[in-house]
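Given next are the chains, with one letter for each unit.
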Amino acid sequence: MHPPARLAHLGLGAFHRSHQAWFTHHANSSCPEDQWGFVSFTGRSVRTADQLTKADGVFTLIERSADGDRLERIESIVRAERGDDFHTWCSTLANPEIKVLTVTVTESGYAEGAIPPDRIAGALIARAAVNAGPISIVSCDNLNGNGAALRRAVLRAAGDQAKEVDKIASFVDTVVDRITPAATAEDIRCVRELSGFDDPSAVVAEPFAEWVLTDNFADARPAWEAVGARVVEDVTPYEQRKLWLLNAGHTFLAAAGRLRRYETIAEAYADPDLNAEVEALWAEQRRSIRLDDAEINDWLAALRVRLANPRIAHRLEQIAQGSSAKIAPRLLTVLRHQTEAGMTAGEAQLSALDTWVRSIVELEPLDQPTAGLARDLETVARRDRVTALIEQFTPAGAS
Ligand SMILES: NC(=O)c1ccc[n+]([C@@H]2O[C@H](COP(=O)([O-])OP(=O)(O)OC[C@H]3O[C@@H](n4cnc5c(N)ncnc54)[C@H](O)[C@@H]3O)[C@@H](O)[C@H]2O)c1
Ligand SMILES: O=P(O)(O)OC[C@@H](O)[C@@H](O)[C@H](O)[C@H](O)CO
């Protein structure tokens, strides 16, 4: 039997399935008296919703370690909906039974003019109009202060109804972590071989999973902490550790690896030069993370194993997608923090930025905003491009 629909999601992609749906499925198993199901909306794609609907929302998670695969059926999505169905979206969010909305719409989904904040604002206005009660909005995207960033974007989109929206919505900052590459035809074949049935909605993820959330929910929520999530007063240090080490490392390896014609993170990470460069980058990035050395060391030790996992084919092209929206939260913000604290920019940090600029200028552009930035930087002398990039960076939220 399905759990009751008490959660909604926007951006039904691979990560929603491997992370929020997985945590919720496990929380449901560990707390039988407190069941939660997702009504999950795609961002744009129709196919993902239709495929999952055919399977009644149930999909396979392939947990892929260096030693082998473990298959698990995940049953916390009770309905999959198309993102373009605005009527169903608004009526779902206006239902008082729905207590939490989780969001994964990529970094570019928060930019001025992006569609997700508009959609969320529209649905919250509908919810406020019928007095359906408070709701918690949990951003699960890789941004600094993701909850606050989403709040700013949604209130901006709500225009003169911003006050009504702000009264009912509590925006939760979170740190999310689980490497989840886009599934391939080979992965789908692997499910068929191991389980005997076809599952086009299967996802692949590493065994590691982390979720840190701020303790400012507006109302009830699943007992995610019963299955490994952590609810804390301030996620900032965990967010810095994750974005400034893992994600900055990913962005550097994607740029440097693509310039060397590698295809996956594991290949780029196995290159001794790139490995040494990413280590040097981590040493400089960690200077301003507000956690004990031991906590960072342990986490980095685990990260080295995760990145080296040869069975996770995390494609550099996927990571480099939307790159111009990722370079700020992963690298430029760190330099800004460090400059404000009186530190000088590290050599490895500047070199990583130089590599990234080279990659966007020299390689085939993967998305429009990054192609636009590459064209701007091309007009600047080669040796001044990193300085130009740093100078034009305005942190999110600054006017
Ligand atoms: N995949 C991972 O390893 C991982 C790990 C941590 C966090 N995340 C976060 O989750 C996000 C999504 O990752 P994924 O692997 O699910 O990607 P995906 O491509 O499988 O799914 C992305 C979803 O977001 C929607 N979307 C994307 N851009 C949008 C936009 N501008 N407007 C509206 N909808 C949009 C898509 O339609 C889709 O539903 C990442 O960008 C990141 O912020 C991913
Ligand atoms: O998902 P994105 O597009 O924000 O970034 C690509 C990867 O760096 C990212 O997905 C990591 O795999 C993830 O953040 C690990 O938890």
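Residues numbered from 1 in each chain as written. Chains lettered and ligands numbered in written order. Predicted model: local features only at pLDDT ≥ 70, side-chain atom pairs only at ≥ 80, totals over all residues. Heavy atoms only, no water.

Looking up the chain in an unreviewed UniProt entry gives the name D-mannonate oxidoreductase, with the organism given as Microbacterium esteraromaticum.

**Topic: the UniProt feature "domain: Mannitol dehydrogenase N-terminal" (unreviewed entry) in the chain**
Those residues carrying the UniProt feature "domain: Mannitol dehydrogenase N-terminal" (unreviewed entry) are residues 7-225 in this numbering. As annotated, residues 7-225 has a helix share of 36% and a strand share of 23%, and its two end C-alpha atoms lie 16 Å apart. (UniProt positions renumbered as here; feature names shortened; annotations may be inferred. Helix = DSSP H or I, 4+ residues; strand = E, 2+ residues; numbered from the N terminus.)

**With respect to the UniProt feature "domain: Mannitol dehydrogenase C-terminal" (unreviewed entry) in the chain**
Look at the UniProt record and you will see "domain: Mannitol dehydrogenase C-terminal" (unreviewed entry) annotated at residues 234-344. Annotation note: span residues 234-344, helix share 75%, strand share 0%, distance between end C-alpha atoms 27 Å.

**Some details on the site of ligand 2**
For ligand 2, the full set of nearby residues is Glu107, Asn142, Asp177, Arg178, Ile179, Lys242, Asn247, His250, His314, Ile319, Lys326 and Arg330. Between His250 and ligand 2, the recorded distance is 2.7 Å, taken from a side-chain N or O atom to an oxygen atom. Contact distances for ligand 2 include 2.9 Å between an oxygen atom and a side-chain N or O atom of Arg330. A total of 400 Å² of accessible area belongs to ligand 2 in isolation, and the protein chains cover 83% of it. Looking at the shell around ligand 2, the element that brings in the most residues is helix H9 (residues 236-259), giving three residues. When residues are assigned to domains, the shell around ligand 2 turns out to be shared by domain 1 (5-232) and domain 2 (236-392), each giving three or more. (Near = heavy atom within 4 Å. Polar contact = N/O pair within 3.5 Å; in protein donor to acceptor, adjacent residues only side chain to side chain. Areas by Shrake-Rupley, 256 points an atom, 1.4 Å probe, with all protein chains shown as cover. Domains from an automatic or database assignment.)

**Describing the site of ligand 1**
Around ligand 1, 21 residues are found, and the nearest of them are Ala14, Phe15, Gly43, Asp141 and Thr180. A distance of 3.5 Å is found between an oxygen atom of ligand 1 and a backbone nitrogen or oxygen belonging to Leu12. Asp141 has a polar side-chain atom sitting 2.6 Å from an oxygen atom of ligand 1. Protein chains shield 81% of the accessible area of ligand 1, which is 820 Å² for the free molecule. Of the residues belonging to the shell around ligand 1, the class tally is eight nonpolar, nine polar and four charged. (Nonpolar A, V, L, I, M, F, W, Y, C, P; charged D, E, K, R; others polar.)

**Quick word on the nonpolar core**
Soluble globular proteins tend to pack their nonpolar side chains together in the buried interior. Phe252, Leu253, Trp282, Leu307, Leu353, Trp356 and Leu389 are the most contacted members of the largest nonpolar core, which has 59 residues in total. With eleven residues, H9 is the largest single contributor of residues to this core. Mapping this core onto the domain boundaries places at least three of its residues in each of domain 1 (5-232) and domain 2 (236-392). If we skip the residues at most four places from it in the chain, Trp282 touches Leu245, Gly249, Tyr269, Leu300, Leu303, Arg304 and Leu307. Counting residues in each nonpolar core, the second largest holds 31 residues, with Ile98, Val105, Ala121 and Ala149 among its members. (Core = buried A, V, L, I, M, F, W, Y, C linked by side-chain atoms within 4.5 Å. Buried < 20%, exposed > 50% of the residue type's maximum accessible area, 1.4 Å probe, protein only. Contact = heavy atoms within 4.5 Å.)

**Comments concerning the side chain of Thr60**
Inspection of the secondary structure puts Thr60 in strand S3 (residues 59-64). Owing to a relative accessible area of 2%, Thr60 belongs among the buried residues under this scheme. Within polar-contact distance, the side chain of Thr60 engages the side chain of Asp199 at 2.7 Å. Setting aside chain neighbours within four positions, we find Thr60 in contact with Leu71, Glu72, Arg73, Val191, Phe197, Asp199, Ala202 and Val203.

**Some words on the packing of H9 against helix H14 (residues 323-340)**
Relative orientation of the contacting elements H9 and H14 amounts to 120 degrees, with a least axis distance of 9 Å. As far as their axial angle goes, H14 and H9 are oblique. Of the two elements, H9 crosses H14, and the hand of that crossing is left-handed. Here Gln240, Leu243, Trp244, Asn247, Ala248, His250 and Thr251 of H9 lie close against H14, whose contacting residues are Lys326, Ile327, Pro329, Arg330, Leu331, Thr333, Val334 and His337. The residue inventory of the contact of H9 with H14, partitioned by class, reads seven nonpolar, six polar and two charged. (Axes fitted to C-alpha atoms, helices over the stretch in contact; angles between N-to-C directions. Parallel < 35°, antiparallel > 145°, perpendicular 65-115°, else oblique. Left-handed = near helix turned anticlockwise from the far one by under 90°.)

**Focus: the environment of Ser45**
Topologically, Ser45 is positioned in the loop between strand S2 (37-41) and helix H3 (47-54). The partly exposed category is assigned to Ser45, whose relative accessible area is 30%. Taking the C-alpha atoms as reference points, Ser45 and Gly11, separated by 34 residues in sequence, lie 9.1 Å from one another. Of the polar contacts made by the side chain of Ser45, one reaches the backbone nitrogen of Arg47; its length is 3.5 Å.

**A closer look at helix H11 (residues 272-285)**
For H11, spanning 14 residues, the distance from its first C-alpha to its last is 20 Å, which sits close to the expected 20 Å at 1.5 Å a residue. Buried residues of H11: Leu274, Val278, Leu281, Trp282, Glu284 and Gln285, and no others. Along the axis of H11, the buried positions cluster into a sector of 165 degrees, meaning they face one direction only. Lining the buried residues of H11 we find H9, helix H10 (265-270), helix H12 (293-308), H14 and helix H15 (347-362). Of the residues that open H11, the one with a side-chain oxygen 2.8 Å from the backbone nitrogen of Asp273 is Asp271. (Expected span 1.5 Å × (residues − 1). Arc of directions from axis to C-beta.)

**A short note on the pattern of salt bridges**
Note on pairing: side chains with opposite charge can pair once their charged atoms come close. In the structure shown here, the tally under the stated rule is 31 salt bridges. Between Arg70 and Glu63 there is a salt bridge, and its shortest N-O distance comes to 3.6 Å. Among the ionic pairs, Arg286 bridges to Asp293, the shortest N-O distance being 3.2 Å. The buried category is assigned to Arg286, whose relative accessible area is 18%. Each of Glu63, Arg70, Glu72 and Arg178 takes part in salt bridges that share partners, so that together they form one network. (Salt bridge = Lys/Arg side-chain N within 4 Å of Asp/Glu carboxyl O.)

**A short note on the packing of aromatic side chains**
Under the counting rule described, the total for this entry stands at six aromatic pairs. Relative to Trp89, the ring of Phe41 lies with its centre 5.0 Å away and its plane at 80 degrees, an arrangement referred to as edge-to-face. Note that Phe41 is positioned in strand S2 and Trp89 in helix H4 (residues 86-93), a separation of 48 residues in sequence. The class of Phe41 is buried, set by a relative accessible area of 0%. (Phe/Tyr/Trp six-rings, centres within 6.5 Å; stacked < 30°, edge-to-face > 60°.)

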